[in-house]
Amino acid sequence: MIAYIIRRIILTIPLLLGVSVLSFGIVQLAPGDPTALMMDNPGISQEDREAFLEEQGLNDPVHVQYVRWLGDIVTGDFGESLIYQGTPVTELIMARLPNTLLLMVVSALLAIVVAIPFGIVSARKPYSLTDYTVTTASFLGMATPNFWFGLVLIMLLSVHLGWFPSGGVATLNEPFSLLDRIHHLILPAIVLATAETASLTRYTRSSMLDVLDQDYIRTARAKGFKQRKVVYKHGLRNGLIPVLTLIGLMLPTFIGGSVVTEKIFNWPGIGLLFIDATFQRDYPMIMAITMISATLVIIGNLIADILYAIFDPRIEY
Amino acid sequence: MKKISKLICTLAFIFAFSLILTACSSDSGTTEDNESENTQEEKSEVSNEDSGEAQQGGDLIVGNVSAPTLFNDMFSSDVPSDTIEGFMFDPLTTIDENLEPAPGLAEDWEYSEEELKWTFHLREGVNWHDGEPFTAEDVAFSYNIPLNEEYTGPRGSHFASIESIEATDDYTVEITLKRPDAKFLFQTTVYDILPKHILGDIPVSDLDEADFNTKNPVGTGPFKFDEWVQGQYVKVVANDDYFQGRPYLDSITYKIVPDKNALLAQYQAGDIDYMRVSQSDMPTVESLIDQGQAQLEKVPDLQYNYIGYNLRNPIFEDKKVRQALTHALDREEILETIVYGDGELSNSPGLPFSWAYNEDVPVFEYDPEKAKELLSEAGWEDTDGDGIREKDGTKLSFSIKSGQGREVREQITQVAQQQWAEVGVEVTPEIIEWSAFIDQIHQFDYDAYVLGWSLTADPSITSYFHSDEVENGLNYGAYSNPELDKLMEESDMAMDQEKRAELIEEAQAIVAEEQPYTFLYSQNGNHLFVPQLHPNMHSGNSYYKIHEWWMEQ
């Protein structure tokens, strides 16, 4: 097991290298450059823009830029932002990454805690009223765009009822308070979790239905075990195995979803930073966030694989 | 019951709008017209109906969709940074309600024609936020930064006309120019003075990375830097020592809310006191005003929007074609329906509230018949009956480009497509991601495009229409006219303002006649704020005399 994990970690190196080559190439292929946004500013001349590009080494051939970038990365230097001139990319990212991770982890937990029980309830009494209600809610959840859902929640719960803050991570001009933080976290976490909760519920339901149909469940029932024990001890453990894969794969979805949620709720995470960096062609920033996301996704998959082994004794590494 | 139906209305409204707006539209962080760097306004200074004496105290929360980048005027180029710099720093002179230079750190100034020399007399007794006295050395230091060969920021060309800067005593600065430059005095309204005692020892090549820019800026302005929390807010607090008196407000928090719908929702929830709203938000804004939750101030922006033509494309060579295109476009309707009437038609590159504005320029009003005539005169006829005019086997057919995320301009391309089709011109709108769009314009890879210019208080039009500005400047359409070139050069050297206004107005008339652009309209800036706030603003500055802003307690 340990050997397997080490092997997997070593394998991530060529993987990340591949990701970096691809994304560096794609980013450079995009037309325009970081000075495009200075362009219709009458205070900045074309010569000034050229000087900026030269100074930043952006006029060099792509492979030269890549090798230089890679060299810096190896020494842990992700470079300086082209938009926040002179500020190291890592400093900007580290100021926001905790916010994104917090939001992602809380949403993931929320999704798991809500989805699995509902999925099981649905599966225990398929085609009942409960099942239909849960199913309908799931489809609604999947179909609701989260920017719309977020705005509706803000209008309803913040503007009209005043129960929740309308955005941000904490109340302005007030000292730190854990309760205040949690209060701010609730709405964005709900919004980010909605779609994942919905699909996770569906997966749990179908996976459980599958399992509850198996011979060994019938055997367990025939032995006279209580229904609870059959479902939760024999069924759940087997039924959750495919669900685990999904949880591992939730991570990339969360990274994507967090961009929108962060924007609506004014949540200062890396999703927003990434969008801005992309539109402004802030190359070092785009690359740094891409690499971090790639790493997170690889870690997510690794965790899913390890959990597999824990939950399914048939799997050995 | 009433409340519920209102709620439903609101929800329906959000739903409808959110379907149209994608959550990721990219209107962030650009120095683009609708948030112009020097948002200028008309003569009348806006201030609230006086409701009594100004009161001390209050924390103002300003909301904006884009974030600042750094607080050093010689290196920043975005609107939010510039705004916050305005709270903490002072320039040598300021722009007043008439868009003319007024005393700032300099009390008065004179110009010597023979010596090409400006002399600025500085205010005495001004202190930096750290208590050090402000002197002429600081001015000389600041203006020398962009002149240094090691300078890496984007403002070099603005200081190119300076020969030398000298602090002759503690409170006198002499600036000698290489050539007469009428625009120079306006540059002194733009650039903040930086503290030499803090930045003086840092090599100019490293100034862009100085901690000063992001961690502890020190200025002479009405507010002192307090805190910048990345992606959330920047907070400044009152400077008790401000040379024009302590501000009434205790602090200003500049809050960043990247989504514009969420920004308005935050205003409604009472989390923001002051923000700019766009025309499409007017229905919500009006209901807020009706409920007594808001006041709105409309101030004309220092900007105009236009359709530009690539004059390297033979189709547009003949000015009759350009005039015909303007005749064929119902600009009134565009202003009424797309911009909700919130602006004024433009017919030239001048702004009505500027001291240099020619009211009497040729106007090409909406007249499709006239447009058809002009096109026929220019030799474009529909000979094969397909509804599109041809000349020498070329169809009168072209594309019109616009940058993504600017909904108003996207709609303008569609109106142009329809209306121009009626006079036999085939047009294809192309909406392109912003950076790529700018790149294509710059490479002359376009036929026509919709864009806007945000202007400075100085009315010179040289940067946009001079033939020297084609390759490396803002003359994107490659318009070239020796007569106009000469006129604009003269206007840039005319040190007498009346004489200069005359020359600029003459140039405006030529541009209006030639129509290198179809001039569309200049828009209003809509400033929304809580009823307790008493702000000042004009076209040149939406945070005018910020130290005099106050809030009812």
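Student: What is the right way to look at the overall build of chain B in this model?
Tutor: Within chain B one finds 16 helices and 24 strands. A compact globule built from 553 residues should have a C-alpha radius of gyration of about 24 Å, and chain B, at 25 Å, falls within 12% of that. Dimensions of chain B, computed from the C-alpha atoms along their principal axes, are close to 80 × 75 × 40 Å. Of all 553 residues assigned to chain B, the portion counted as buried reaches 62%.

Student: So what exactly am I meant to see when it comes to the overall build of chain A here?
Tutor: Assigned secondary structure in chain A consists of 11 helices and zero strands. Counted from the first residue to the last, chain A has its helices and strands arranged as α-α-α-α-α-α-α-α-α-α-α. Projected onto its principal axes, the C-alpha positions of chain A cover 85 × 55 × 35 Å. Here chain A holds 317 residues, and 50% of them are scored as buried. Sequence-distant contacts in chain A: of pairs separated by 6 or more residues, those separated by 24 or more amount to 73%. Accessible surface, chain A as shown: approximately 15000 Å² in total, 69% of it carbon and sulfur. Taken together, the 21 basic and 25 acidic charged side chains of chain A have centroids lying 25 Å from each other.

Student: Where do I start with helix α7 (residues 282-290) of chain B in this structure?
Tutor: Residues lying three or four places apart along an α-helix face the same way, a consequence of the helix completing one turn every 3.6 residues. All names here are of chain B. For α7, the complete set of buried residues consists of M282, T284, V285 and L288. Mapping the buried residues of α7 onto a view down its axis gives an arc of 160 degrees, with all of them on the same face. Positive backbone phi, approximately 75 degrees, marks G292, located one or two places after α7.

Student: Explanation requested: a nonpolar patch on the surface in the structure shown.
Tutor: Residues and elements named next belong to chain A. Judged by side-chain polarity, L110, V113, V114, F118, F176, L178, L179, I182, I186 and I190 come together as a nonpolar surface patch covering roughly 940 Å² of accessible area. Going through the elements one at a time, α4 (89-124) and α7 (178-212) are the ones with two or more residues in the nonpolar patch. Sorting elements by how many residues they give to the nonpolar patch places α7 first, with five residues. Along the polypeptide, L110 turns up in helix α4. Classification of L110 by relative accessible area gives partly exposed; the value is 32%.

Student: Can you help me understand the pairing of strand β6 (residues 117-122) of chain B in this one?
Tutor: Residues and elements named next belong to chain B. In terms of burial, β6 is largely enclosed, as five of its six residues are buried. As defined by bridge partners, strand β5 (residues 106-112) adjoins β6 across six bridges and the pair is classed as antiparallel. When the bridges of β6 are listed, E110 appears paired with T119. Counting the residues that bridge the hairpin from β5 to β6 gives four residues, and of these L116 lies at a positive phi of roughly 55 degrees.

Student: I keep staring at the environment of I510(B) and nothing clicks. Help me out?
Tutor: Residue and element names in this part refer to chain B. With respect to the helices and strands, I510 occurs in helix α16 (residues 497-514). By relative accessible area, which is 15% here, I510 ends up buried. Among residues more than four places away in sequence, those in contact with I510 are N481, E483, L484 and L487.

Student: Is there a simple way to explain the domain arrangement of chain A in this structure?
Tutor: How large an interface is tends to be reported as the accessible area lost when its parts come together. Residue and element names in this part refer to chain A. Under the domain assignment, chain A is made up of domain 1 (12-74) and domain 2 (97-311). Relative placement of domain 1 and domain 2: their C-alpha centres are 35 Å apart. Opposite the 17 residues of domain 1 that make contact, domain 2 presents 11 residues. In this assembly, domain 1 packs against domain 2 so that about 1200 Å² is buried in total across both faces, 79% of it on carbon and sulfur atoms. Contact with domain 2 buries area across many residues of domain 1, yet L16, V27 and W69 alone supply 35% of it, more than any other trio. If you look at where domain 1 meets domain 2, you find zero salt bridges. Across the contact surface, domain 1 and domain 2 share zero residue pairs in polar contact (both at pLDDT 80 or more). It is helix α1 (residues 2-29) that provides the largest number of residues to the side of domain 1 that touches domain 2, a total of nine residues. Of the residues in the side of domain 1 that touches domain 2, the class split is 11 nonpolar, five polar and one charged.

Student: Please explain the nonpolar core as it appears in this structure.
Tutor: One recurring pattern in soluble globular proteins is that nonpolar side chains are buried together. Core analysis: the largest hydrophobic core is formed by 133 residues, its most contacted members being I93(A), F87(B) and I175(B). Ranked by residues supplied to this core, first place goes to α4(A) with 12 residues. Looking at which domains feed residues into this core, each of domain 1 (12-74) and domain 2 (97-311) of chain A gives three or more. Counting residues in hydrophobic clusters, the runner-up holds 77 residues, among them I307(B), L351(B), A371(B) and F437(B).

Student: Would you take a moment to explain the sheet that holds strand β8 (residues 172-177) of chain B for this structure?
Tutor: Where strands meet in a sheet, backbone hydrogen bonds hold them as pairs that are either parallel or antiparallel. Residue and element names in this part refer to chain B. Pairing within the open sheet is antiparallel, and its four strands lie in the order β5-β6-β8-β7. For this open sheet the edge positions go to β5 and β7 (162-169), each flanked by a neighbour on one side alone. Direction aside, neighbouring strands of the sheet carry axes that sit 20 degrees apart on average. Summarising the sheet, β7 and β8 pair through six bridges and their orientation is antiparallel. The residue of β8 that forms the bridge with I162 is L177.

Student: What should I look at first to understand the pairing of strand β19 (residues 426-432) of chain B in this one?
Tutor: The side chains of a regular strand alternate, residue by residue, between the two faces of the sheet. Residue and element names in this part refer to chain B. In terms of strand pairing, strand β18 (residues 397-403) meets β19 through seven bridges, oriented parallel. Bridge pairing links S399 to T428 in β19. With respect to chirality, the unit in which β18 leads through helix α11 (residues 407-421) into the neighbouring parallel β19 is right-handed.

Student: Explain the packing of helix α6 (residues 146-160) of chain A against helix α9 (residues 227-264) of chain A here, please?
Tutor: Relative orientation and spacing of two packed helices are given, respectively, by the angle between their axes and the distance between those axes. All names here are of chain A. Contact geometry for α6 and α9: axes closest at 9 Å, N-to-C directions at 25 degrees. In this view, α6 runs roughly parallel relative to α9, as classed from their interaxial angle. Between α6 and α9 lies a crossing of right-handed hand. Contacts between α6 and α9 involve N146, F147, G150, L151 and I154 from the former and G257, V260, T261 and I264 from the latter. Grouping the constituent residues of the contact of α6 with α9 by class yields five nonpolar, four polar and no charged.

Student: How do you make sense of the side chain of S23(A) when you look at a structure like this?
Tutor: Residues and elements named next belong to chain A. Here S23 shows up in helix α1. You can call S23 buried: its relative accessible area is 12%. Once residues lying within four places of it in the same chain are set aside, the contact partners of S23 are M287 and T290.

Student: I would appreciate a short explanation of the environment of A294(A) in the present structure.
Tutor: Here A294(A) is to be found in helix α11 (residues 283-311). Along the sequence, A294(A) and L246(A) sit 48 residues apart, while their C-alpha atoms lie 17 Å from each other.

Student: I tried to follow the interface of chain A and chain B on my own but got confused; where do I start?
Tutor: With 54 residues of chain A in contact, the opposing surface of chain B contributes 72 residues. For the pair chain A and chain B, the summed buried area comes to about 5600 Å², and 59% of that belongs to carbon and sulfur atoms. Linking E433(B) and R281(A) is a salt bridge whose minimum nitrogen-to-oxygen distance equals 2.6 Å. Counting every contact that joins chain A to chain B gives six residue pairs in polar contact (both at pLDDT 80 or more). When residues of the side of chain A that touches chain B are traced back to their parent elements, those giving at least two are α2 (46-55), α4, α6, α9 and α10 (270-280) of chain A. Here the side of chain A that touches chain B takes 10 residues from α6(A), the largest share from any one element. In terms of residue class, the side of chain A that touches chain B is built from 26 nonpolar, 17 polar and 11 charged.

Student: How do you make sense of α1(A) when you look at a structure like this?
Tutor: Helix length check: α1(A), at 28 residues, gives a terminal C-alpha distance of 41 Å against a target of 40 Å (1.5 Å per residue), a fit within 8%. All of the buried residues along α1(A) are Y4(A), T12(A), S20(A), S23(A), F24(A) and V27(A).

Student: Explain the packing of aromatic side chains to me, please; I cannot follow it from the model alone.
Tutor: In this description, a pair of aromatic rings is defined by centroid distance and the angle of the planes. All names here are of chain B. The tally for this structure, following the rule as stated, stands at 37 aromatic pairs over all chains. A centroid spacing of 6.2 Å and a plane angle of 55 degrees characterise the contact between F89 and F212, whose relative ring orientation is tilted. On the criterion of sequence distance, the pair formed by F89 in the loop between α2 (79-88) and β3 (93-95) and F212 in the loop between α5 (196-199) and β9 (223-229) is long-range, its members being 123 residues apart. The pair formed by F89 and F212 is uniform in burial state, with each residue classed as buried. Ring geometry for Y274 versus F529: centroids 6.2 Å apart, planes at 40 degrees, classification tilted. One end of the pair, Y274, is in strand β12 (residues 274-277); the other, F529, is in strand β21 (residues 517-529), with 255 residues separating them in the sequence. Site record: aromatic cluster; members linked through ring pairs are Y304, Y306, Y446, Y449, W453, Y464, F465, Y476, Y517 and F519. Above the face of the W434 ring, R406 is positioned so that its terminal group lies 3.7 Å from the ring centre.

Rules and cut-offs
Residues numbered from 1 in each chain as written. Chains lettered and ligands numbered in written order. Predicted model: local features only at pLDDT ≥ 70, side-chain atom pairs only at ≥ 80, totals over all residues. Heavy atoms only, no water. Helix = DSSP H or I, 4+ residues; strand = E, 2+ residues; numbered from the N terminus. Rg over C-alpha atoms; globule rule 2.2 N^0.38 Å. Buried < 20%, exposed > 50% of the residue type's maximum accessible area, 1.4 Å probe, protein only. Contact = heavy atoms within 4.5 Å. Areas by Shrake-Rupley, 256 points an atom, 1.4 Å probe, with all protein chains shown as cover. Lys, Arg positive; Asp, Glu negative; His and termini not counted. Charge placed at Lys NZ, Arg CZ, Asp CG, Glu CD. Arc of directions from axis to C-beta. Patch = residues over 30% accessible without salt bridge, like charges linked within 9 Å, V, L, I, M, F, W, Y side chains within 5 Å. Salt bridge = Lys/Arg side-chain N within 4 Å of Asp/Glu carboxyl O. Pairing = 2+ DSSP bridges. Domains from an automatic or database assignment. Buried area = accessible area lost by both parts, 1.4 Å probe. Polar contact = N/O pair within 3.5 Å; in protein donor to acceptor, adjacent residues only side chain to side chain. Nonpolar A, V, L, I, M, F, W, Y, C, P; charged D, E, K, R; others polar. Core = buried A, V, L, I, M, F, W, Y, C linked by side-chain atoms within 4.5 Å. Axes fitted to C-alpha atoms, helices over the stretch in contact; angles between N-to-C directions. Right-handed = clockwise from strand over helix to strand, strands pointing away. Parallel < 35°, antiparallel > 145°, perpendicular 65-115°, else oblique. Left-handed = near helix turned anticlockwise from the far one by under 90°. Expected span 1.5 Å × (residues − 1). Phe/Tyr/Trp six-rings, centres within 6.5 Å; stacked < 30°, edge-to-face > 60°. Lys NZ or Arg CZ within 6 Å of the ring centre and 35° of its normal.

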